[in-house]
Amino acid sequence: MTIALSQDDFARAGGFDARWKRHAAILAGAWAVLLLLFRRDTSDLATIYWTNTTFGHCLFIAPVIGWLVWQRRGGLALVRPQGWWPGLALVAAGGLGWLLGDAAGVALFRHAGLVLMLQGIAVSVLGPNASRALLFPIAYMAFLVPFGDFLEGPLQTITVAMVMPLLHLFGVPANVDGVLITTSNGYFEVAEACSGAKFVIAMVAFGVLVANVCYVSWTRRAAFLAMALIVPVLANGLRAFGTIYAAWWTSVEAATGMDHIVYGWVFFALVMAAVLAIGWKWFDRDPDASWFDPERLQAPVTRRAEAPVAALLALSVASLFLGWSSWIAARAAPLPAKVALPEVPGWHRVGASTVAWVPNFPGADHFLIGHYADARGRAVDLAVAVYASQREGKELVGFGIGAIRENDRWVRIADLPGLSGGHALRMTGPGRVERVTVSWYRVGDTLTGSDKRVKLETLKTKLLGGDQAAVGVLLSAEQGPDDGAQAAIGDFLNALGPVDAFADHTAGR
């Protein structure tokens, strides 16, 4: 291949010239200012990377991106970086995504918006030719976003579906109730942490990297990615089966202790090595091949901008969305100074049950929980959480918010058919005590049991105007031998009256 470049351009092939150093310094400075402006989200991401084992792999993404750029340094020296106005569109798109996430209380959108703004600044400062040369490293920044926890539920189901036939095949007497598997010497929860989601999420990032570095054929890349997803899911099912099988032969304590060690330090490495070993035979990329063709990245750049100007404009665009967020936050709804639980016809207040249940609503402006009983001795708990507005740390729904908190002693068994539009679930607590809990949420004029609908309605009230007050109403009852918890909740609900009217009254509407 022949590259027709000037003598000065060839002189730059031995290393980055002053232009590259200048643009790199401007880009680093702009990134630093952006992360400082959005320091709350920057801090959130750092905390998630460091403390959440599901997203611990994100700590390695930045070093990998640095390595990918370093691998391309020879070709980059032949490409001229130039500021570029259209890159600001990516910054604006990221800012809008961040604003939507901030208004709706969806951390994923905020974090994705911040990363997209970082990518947009890179395109704005470096220009189209250099950005095309760095297309994969810039795109790979998407894995800085901690995403994928939505896989936990489906993977729990898949794991249970794999484990039960294997237990029966190997002669282990076991039965399943939702995500709880019971054997003759103990019971096991296929919890979110045991679903294999953290493994699959990390393997996606690893698989995309290997597909780019080791393959040229898109067919082989797709096949490798499919394998990188399927093998961890199958391996996690075998791991869960092995843990329960070992517990059946030994003890629950010994088997679960071994499981944490194997899963944390050995299992992931073994499966990752197995995936690489399977794909090794079909690697088709020459290790010495160039990552891109510099000759094709010499087109004149239209809509050019000076790099410092592009960086300043990008930061200005991002700041607009911060200001918009502050304006929204100032429109909280007024609430009554005090709220009280209602008197419910046919029901009287009693003390808490032996195994107390308290839902989690951190940051609620008002939170009340009361325990009621009727003449037949049936008991129902009523919990109410009231928010003047929602923001980070003051959310009506989210992970660990609501009926079951994070690392709670209460464990979700399964979802149940809804009741009057509310979301019902069955859970178990200390001593295998079971409860049925139904949750309703009132945002604006909407009453729903759906977390997603809450986020959508919260977004609408914040961006389009409206009453930002939000109320959560939960009814819960212990499940006795007669399985009458749902009937008791239904009777209490009929005596209480419409949930939306009760929620509005509590919020002072």
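Residues take numbers from 1 onward in each chain, read along the sequence in its written order. Selection of residues for local features in this predicted model requires a pLDDT of at least 70, selection of side-chain atom pairs for listing and counting requires 80 or more, and totals for whole chains, interfaces and linings are taken over all residues. As a rule here, side-chain values come from all non-hydrogen atoms in the structure, and water together with hydrogens is ignored.

Novice: Could you clarify how one ought to interpret the overall build of the protein chain in this entry?
Specialist: Numbered from the N terminus, helices here are DSSP runs of H or I no shorter than four residues, and strands are runs of E no shorter than two. Scanning the protein chain from terminus to terminus reveals 16 helices and 13 strands. In terms of overall dimensions, the protein chain has C-alpha extents of about 95 × 60 × 30 Å along its principal axes. The burial tally for the protein chain puts 49% of its 509 residues in the buried class. The long-range fraction of contacts in the protein chain, counting pairs at least 24 apart against all pairs at least 6 apart in sequence, stands at 74%. For the protein chain, the accessible surface area stands at approximately 24100 Å², while carbon and sulfur atoms represent 64% of it. For the purpose of counting charges, residues Lys and Arg are taken to be positive, whereas Asp and Glu are taken to be negative. His and the chain ends are not included. In this description, the location of a charge corresponds to atom NZ of lysine, CZ of arginine, CG of aspartate or CD of glutamate. Here the protein chain carries 40 positive and 39 negative side-chain charges, and the mean point of each set is 8 Å from the other. Partly exposed describes any residue whose relative accessible area lies between the buried limit of under 20% and the exposed limit of over 50%, with all areas from a 1.4 Å probe on protein chains only and scaled to the type maximum. Contacts: residue pairs with any heavy atoms within 4.5 Å of one another. The Shrake-Rupley method, run with a 1.4 Å probe, gives the accessible areas here. Residue values count only the displayed protein chains as cover.

Novice: Hey, could you run me through the layout of surface pockets in this one?
Specialist: Sizing a probe to match a water molecule and rolling it over the atoms shows the empty space that remains. In this analysis, the protein atoms alone were mapped onto a 1 Å grid. Cavities are point sets where a 1.4 Å probe fits without being able to get out; pockets are open sets with protein on both sides within 12 Å along at least five of seven lines; lining residues have an atom within 4 Å of a point. Grid points are joined across faces, edges and corners, and a volume is the space filled by probe spheres set on the points. Of the volumes computed, that of the second largest pocket is approximately 690 Å³. Lining the second largest pocket are 30 residues, with W31, A62, I65, G66 and M141 positioned closest to its centre. Per element, the largest residue contribution to the lining of the second largest pocket is six residues, and it comes from helix 2 (residues 18-37). Residue classes in the lining of the second largest pocket are distributed as 27 nonpolar, two polar and one charged. Residues were grouped as follows: Ala, Val, Leu, Ile, Met, Phe, Trp, Tyr, Cys and Pro as nonpolar; Asp, Glu, Lys and Arg as charged; and all remaining residues, including Gly, as polar.

Novice: I'm lost on the packing of helix 6 (residues 88-104) against helix 14 (residues 451-464) in this one. Help?
Specialist: To describe two helices that pack against each other, one gives the angle between their axes and the distance between the axes. Axis angles are defined between N-to-C directions and span 0 to 180 degrees, where every axis is a line fitted to C-alpha atoms and, for a helix, only to the segment in contact. As a packed pair, helix 6 and helix 14 sit with axes 8 Å apart at the nearest point and diverge in direction by 105°. The angle between helix 6 and helix 14 falls in the class roughly perpendicular. The segment helix 6 lies against helix 14, with L99, L100, D102, A103 and A104 engaging K455, T458, L459, K462 and L463. Roughly parallel means an angle under 35 degrees; roughly antiparallel, over 145; roughly perpendicular, 65 to 115; everything else is oblique.

Novice: Before we go on, may I ask you to explain the nonpolar core in this structure?
Specialist: Side chains that are nonpolar tend, in soluble globular proteins, to be buried together. The definition of a nonpolar core used throughout is a set of buried Ala, Val, Leu, Ile, Met, Phe, Trp, Tyr and Cys residues joined through side-chain atoms within 4.5 Å. With 65 residues, the main nonpolar core has L34, M117, I121, V125 and Y140 as its most contacted residues. Residues contacting L34, with those up to four places away along its chain left out, are L114, M117, L118, I121, L315 and A318. Residues V384, V386, A469 and L496 belong to the second largest nonpolar core, which totals 28 residues.

Novice: What exactly am I supposed to notice about the packing of aromatic side chains here?
Specialist: Remark: the centre distance and the inter-plane angle together describe each pair of aromatic rings, the angle taken between the planes. Stacked, tilted and edge-to-face are the three classes assigned to paired rings of Phe, Tyr and Trp, where Trp is represented by its six-membered ring and a pair needs centres within 6.5 Å; plane angles under 30 degrees give stacked, over 60 edge-to-face, the rest tilted. Overall, the coordinates contain 13 aromatic pairs when judged by the stated rule. Their ring planes at 45° and their centres at 5.1 Å tell us that F170 and F241 sit as a pair that is tilted. Residue F170 is found in the loop between helix 9 (152-169) and strand 2 (174-177), and its partner F241 is found in helix 11 (residues 218-249); the two are separated by 71 residues along the sequence. The structure contains a cluster of three or more aromatic residues connected by ring pairs, namely F136, Y140, F143 and F147. Lysine NZ or arginine CZ positioned within 6 Å of the ring centre and within 35 degrees of the ring normal marks a charge as sitting over the ring. R72 extends its terminal NZ or CZ atom over the ring of W291, reaching a point 4.4 Å from the ring centre. One Lys or Arg, R221, reaches over the ring of W218 and ends 4.5 Å from the middle of that ring.

Novice: Could you clarify how one ought to interpret the confidence of the model for the protein chain in this entry?
Specialist: When pLDDT is low, close inspection of the predicted coordinates is not appropriate. When the pLDDT values of the protein chain are averaged, the result is 85; 91% of them are 70 or greater. Note: pLDDT gives the predictor's confidence per residue, expressed from 0 to 100. The spread of mean pLDDT over the elements of the protein chain runs between helix 1 (residues 7-11), the lowest at 46, and helix 8 (residues 135-140), the highest at 96. Confidence drops under a pLDDT of 50 for residues 1-7, and excluding neighbours within four residues, the segment shows ten contacts in the predicted structure. In this model, residues 9-15 is a region of pLDDT below 50 whose contacts with residues beyond four sequence positions or in other chains number twelve contacts.

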